[in-house]
Amino acid sequence: MATELSRTMSLHHVVMIGVGAMIGAGIFVLTGIAAGVAGPALVLVFLLNGVVTTLTALSYAELGSCFPEAGGGYLWVKQALPQPSGFLSGWMSWFAHAVACSLYAVAFGAFGAKILSLVPGLGGLEGSAALRSALAVLVTVVFAWINYRGAEETGRAETFVTVVKIVIIAAFCAAGLWAILVRAGSWEHYFTDGRSFLPHGFRGIAVAMGLTFIAFEGYEIIAQCGEEVVDPRRNVPRSIFLSILIVVPIYVVVAFVAVAGVTIPAGYAGPATTSWQYLGELKELAMIEAAARFLPFGALVFLVGGLFSTMSALNATMYSSSRVSFAMARDHNLPAVFARIHPVRRTPHFATMISAALIIAMAVALPIEQVASATDAMFLLLFVLVNIAVLNLRRNRPDLERGFRVPLVPFLPLLAIACNLGLAVFLFGHYRLGTSITLAFILAGVGIYLAYARRREAEAEEREVPTVYQEVASLAEADFRILTPVANPRSIPGLMKLTALLASSRRAEIVLANVVKVPAQLPVSATESLLDEAREMIRRSGDAIRKASPEPRPVTALVKVAHSVPLAISNVVASRRIDLLILGWRGGFKRRHSFFGSVLDETVFNARCDVVMMARPSAAFLDRAKRILVPILFDYRHALLSLDVALALSAAKGIPVHTIHVSERHEVEREAVAEAFAREREALSARIDLSRVRHRIVHAKNVVGTLLSLVKEADLVVVEGLHEGVLSRHYFGEAPERLAREIPNTVILTKKYPGHVLSWVQKFLGTRRPEPHG
C-alpha cells in the first residue's frame, strides 16, 4: 500500500516556511563572520547571492510543479540522472538539512545563554558550554514534537515565529538607518572607495557568498512540502519566488545597516580598526552588538529576534530533513522505519525522531563555523545536480505537466551550475574542516548505496517467482553468459535461434527471462493471474532453444515481477553477470523522443553489457541469406561486436561475410581511405579473424541512401549502433535506424558496451531516457 501525506498547507503557510528558513542563521549567526571575510562588500554579497539563488530557484519552481511530492531535489535527480546520483542527492540533502538544524540549535543555545547572562547574578552563564548544549537539545526536542504533531501545526508555528522575527528585524533596520543618518560623513568611504569596499578583493566576495548561501536555500524546503501543499502546481512556484522577493531586500538592508551603523566602542583594545573587522571578530554575536549600538535595549531585542529566528529556521529545516529521509525510505534507499506514517497525525514520526536525534548529536559535537561551510557546500553541490536534472528532464520528459517553465533553457540552468560550482570551490579552499566533513558524508553515502540501498531498491521493485523450465546442464563450464528476455510469442523462434547460435560460438550459458510488469500503484505481489502465461512463454522459449542449439548448452529460466521492465532486466544483467543481452523488436512507427519504444530504448541504454537487437525476428532469418553484410559506419573498432556476430552466424551456416564502408571524402582521397582501413584491419587481426571477410569501400555523398541501395541484395544485415561518439544521445543513430526500418528482412543491430565509467558519464550528461511512469 502506498503511503501519502495529506494536503493541508496553503500558499500563505508555505511562503512563511520558506521565509522562516531563509531569515535564520544567515542574518543572526553568519553576518558577522561574512563581514570579516568580505568587508563592506557584504551588501554586494547578499545581492549577488540573491541573483545566484534565483537561477536555481527557477529550476526548483519547474520541478516542484512537475513532481509535487515529499523529497524535492532527491526525487528529481533520481528521475533524471543515473544512480547513485539520485541516492546521493537525497543523502546530501538529508544531512545538509540536519547539519543546518544543528547550526540553528547551537545558535539558539548561544543566544539563550547570552539572554540568561543579562539577568543579575547570572553573568557567568554566557560562556557555559553545558548550558548552550542543553538549550540546543531542548529546542530540538520541542520542534521535533511540533513536527510530529503535523504539517498544519508546522505551518502555523512557522507563521507566528516568522512574523515576530520580521517585526524585530524591521525595528533593527529602522533604528540603524536613523543612526546612519545622524552619523553622516563617517561611513560613506566604505562604499565610495574601491579599496575600502573590497578589502579582500573578489575572492572575499566569493567566499562570503558561499558561506552565507545557506541563508538563501529556504525555497528548497518549499519543495519538500509539495505533497502537503494545496494546488501545488500553482502554489509551489509562487511561494518560491515570493519567499526570495521578501528575503533578499531584507538581507541587503541589514548588511548595509550593520557595516555603516556600527562603531568601534571606546576603550576597545583589539586589532580591528574598521566596523567590518570588528563585526568579523565578534562572529555569531556580531549582530547582537550591532543592535546594542543604535537600538534601545537593542541587545535584548535582537537576542529575542535571534531566538525566534533560529527557532523558525530549525522548525522549517527539521521538517525538510524528515521529509527527505521519508521519501528515501519510501523508495527503499533507507530502512523502512523512516517511511512509517503515524496513523492519527499522518506524519512521518519515526523519520522526524531519527532526524532529531542526528541533529542533537551534531549540535553537541561539531564546531559552528565549519559546520556552516559544510552545509553550504552540500547545498551547492545538490543544486548543481538539480540544475542538470531540469535540463535532462526538459529533453527527455517533454510530456510532464509543468506549472512553471524555466525561461532561456539551457542557458540559465548552465549559468546556475557554473555559479554554484564556483562558490563551492572557493568555499572548499577557505574552510578545510568543512571540506572534510562534506567529503566524508558523500563517501559514506556511496558506501551505503553500494552495500545496502542498491540491493534493497532492486528487491522492492521486483521479485522472482519459480518457473517450470529449469536448468538443463551444468553451469560450471560456462564463463560467458547471454540473457534473452522474451515478451512476444511471435518473436520466440527467431530470438531463440539467434541466441542458440551465438551461445554455441561462445560456449555460453543462456539465461531466459520474462518480466511481468505491475502498475506502479500496485505491489509486485499482485500478479498471480499473470504468472501462468509468463511460465508458458518461458517453457516455449526453452523448447525452441533446445531445438535450435547445435549442441546442448546450460539454460536458466527466470520470471521477474517488477514495476519497471528496463530496471528488472538491468538488475538481471548485474546479478547474473551477463556479458551479452539479446533483444527482439517487432517493428513499428517511430515516435517523438523514442526510436524503438520507451521500454526497449531504456533497456538498451542502461544495459551494462554488450547488446544485440534483432529487428523482426524470424526463425528463417539465415535460411534465405546469401551473404551477411556488415556496414562500417564509423570504423572497424566500433564494428567489432557486429563482426563477431556476423562471423559466428557465418561459421554456423557457411554464409560469406562482406563489409562495406561508404566514404563521404572526395574521390581523389580514395587511396588514402583504403590505406587507412587496411592499417585498421591489420591492427585488429589479432583480436578478430578478418581473413574470411571481404571488404568494399564506396565513395558517395549520401551515406544512408547509398547503404540502403547497396543492401537490398543482401538478406541479412548486421550493423553497429554506437557510431556517433561517447556523448551520442541516440545509440542507434539515423543510419542503423533507417536500415532496421526500411529493409524488409531481418536486421541485427549491435551496441558495444563502453565500460562502466563512460556509460555512467553518458547517462549523467543528459542522454538517459526515463521510462514514463504508470
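Refer to the structure presented above.
Residues numbered from 1 in each chain as written. Predicted model: local features only at pLDDT ≥ 70, side-chain atom pairs only at ≥ 80, totals over all residues. Heavy atoms only, no water.

Chemist: Explain the environment of leucine 622 here, please?
Modeler: Tracing the backbone through its elements, the reader meets leucine 622 in the loop between β6 (610–615) and β7 (628–631). Distance in space between the C-alpha atoms of leucine 622 and alanine 652 is 9.7 Å, their sequence separation being 30 residues. Ignoring sequence-local partners within four residues, the contact set of leucine 622 consists of Leu501, Leu649, Lys653, Ile655 and Leu716. (Helix = DSSP H or I, 4+ residues; strand = E, 2+ residues; numbered from the N terminus. Contact = heavy atoms within 4.5 Å.)

Chemist: Help me out: how do you make sense of the pairing of strand β11 (residues 747–751) in this one?
Modeler: When a strand is regular, its side chains alternate between the sheet's two faces. With five of five residues buried, β11 is to be regarded as a mostly interior element. Every second residue of β11 is oriented toward a common face, with Val747, Leu749 and Lys751 on one face and Ile748 and Thr750 on the other, all of them buried. The sheet contact formed by β6 and β11 spans five bridges and is antiparallel. Looking across to β11, one finds that valine 611 is bridged to lysine 751. Inspection of the sheet shows strand β10 (residues 716–720) paired to β11 by four bridges, in the parallel sense. Looking at the pairing, valine 717 lines up with valine 747 of β11. (Buried < 20%, exposed > 50% of the residue type's maximum accessible area, 1.4 Å probe, protein only. Pairing = 2+ DSSP bridges.)

Chemist: Help me understand the packing of helix α15 (residues 286–294) against helix α16 (residues 298–330), please; the structure alone is not making it clear to me.
Modeler: Packed helices, taken two at a time, are described by the angle their axes make and the gap between the axes. Across the interface, α15 lies against α16 with an axial gap of 7 Å and an inter-helix angle of 140°. On the basis of their axis angle, the class for α15 and α16 is oblique. As for the relative orientation of α15 and α16, their crossing is right-handed in sense. Only Gly298, Ala299, Phe302 and Leu303 of α16 make contact with α15, whose side of the interface consists of Met287, Ile288, Ala291 and Ala292. Its residues assigned to classes, the contact of α15 with α16 shows seven nonpolar, one polar and no charged. (Axes fitted to C-alpha atoms, helices over the stretch in contact; angles between N-to-C directions. Parallel < 35°, antiparallel > 145°, perpendicular 65-115°, else oblique. Left-handed = near helix turned anticlockwise from the far one by under 90°. Nonpolar A, V, L, I, M, F, W, Y, C, P; charged D, E, K, R; others polar.)

Chemist: It is not clear to me how the side chain of serine 642 should be interpreted in this structure. Could you clarify?
Modeler: Within the fold, serine 642 resides in helix α25 (residues 640–653). Among the residues examined, serine 642 registers a relative accessible area of 0% and is labelled buried. Within the local environment of serine 642, its side chain forms a polar contact with the side chain of threonine 750, the two groups lying 2.7 Å apart. Not counting chain neighbours up to four residues away, the residues in contact with serine 642 comprise Val630, Val718, Val719, Glu720 and Thr750. (Polar contact = N/O pair within 3.5 Å; in protein donor to acceptor, adjacent residues only side chain to side chain.)

Chemist: Looking at this structure, how should I read α16?
Modeler: Since one α-helical turn is 3.6 residues long, residues separated by three or four positions face the same way. Taking 1.5 Å per residue as the helical rise, α16 with its 33 residues ought to reach 48 Å, and the 47 Å between its terminal C-alpha atoms agrees with that figure. With respect to burial, α16 is a largely interior element, 28 of its 33 residues being buried. The positive-phi residue at the C-terminal boundary of α16 is histidine 332, with phi of around 65°. (Expected span 1.5 Å × (residues − 1).)

Chemist: Help me understand the environment of alanine 513 in this model?
Modeler: Tracing the backbone through its elements, the reader meets alanine 513 in strand β3 (residues 509–517). With relative accessibility at 4%, the residue alanine 513 sits in the buried group. Between the alpha carbons of alanine 513 and lysine 560 there is a distance of 7.2 Å; along the sequence they are 47 residues apart. Here alanine 513 is in contact with Leu483, Thr484, Pro485, Val486, Ile538 and Leu558, once residues within four sequence places are set aside.

Chemist: Mind showing me how you'd approach the pattern of salt bridges here?
Modeler: Should their charged atoms come close, side chains of opposite charge can pair. Enumeration over the complete set of coordinates arrives at nine salt bridges. The shortest N-O distance in the salt bridge between arginine 539 and glutamate 536 comes to 2.6 Å. You can see arginine 539 and its partner glutamate 536 sitting in helix α22 (residues 528–548), three residues apart, about one turn around the helix. Note on glutamate 536: relative accessible area 36%, which makes it partly exposed. Between aspartate 543 and arginine 546 there is a salt bridge, with the nearest N and O atoms lying 2.6 Å from each other. Within this pair, aspartate 543 and its partner arginine 546 are both found in helix α22, separated by three residues, close to a single helical turn. Under the relative-accessibility criterion, arginine 546 is labelled exposed at 52%. Salt bridges here are not isolated pairs; linked through shared partners, they connect Glu536, Arg539, Asp543 and Arg546. (Salt bridge = Lys/Arg side-chain N within 4 Å of Asp/Glu carboxyl O.)

Chemist: How should helix α6 (residues 85–117) be read in this particular structure?
Modeler: Here α6 is 33 residues long and its end C-alpha atoms lie 47 Å apart, about the 48 Å a rise of 1.5 Å per residue gives. Counting buried residues along α6, 30 of its 33 residues qualify, which places the element largely inside the surrounding structure.

Chemist: Please clarify how empty space enclosed by the protein should be interpreted in this entry.
Modeler: A probe matching the size of a water molecule, rolled over the atoms, marks out where space remains unfilled. All told, the structure shown has three cavities of 30 Å³ or more when counted by the stated rule. Estimated volume of the second largest cavity: approximately 40 Å³. What lines the second largest cavity is simply Ala620, Phe621, Arg624, Ala625, Asp715, Asn745 and Thr746. (1 Å grid on protein atoms, 1.4 Å probe; cavity = no way out; pocket = protein on both sides within 12 Å on 5 of 7 lines; lining within 4 Å. Points joined across faces, edges and corners; volume = space filled by probe spheres on them.)

Chemist: Just checking my understanding: could you explain the packing of helix α3 (residues 31–38) against helix α4 (residues 42–66) for this structure?
Modeler: Axis separation between α3 and α4 bottoms out at 9 Å; the angle between their running directions is 110°. Compared by their axis directions, α3 and α4 come out roughly perpendicular. Within the contact between the two elements, α3 uses Thr31, Ala34, Ala35 and Ala38 and α4 uses Leu42, Val45 and Phe46.

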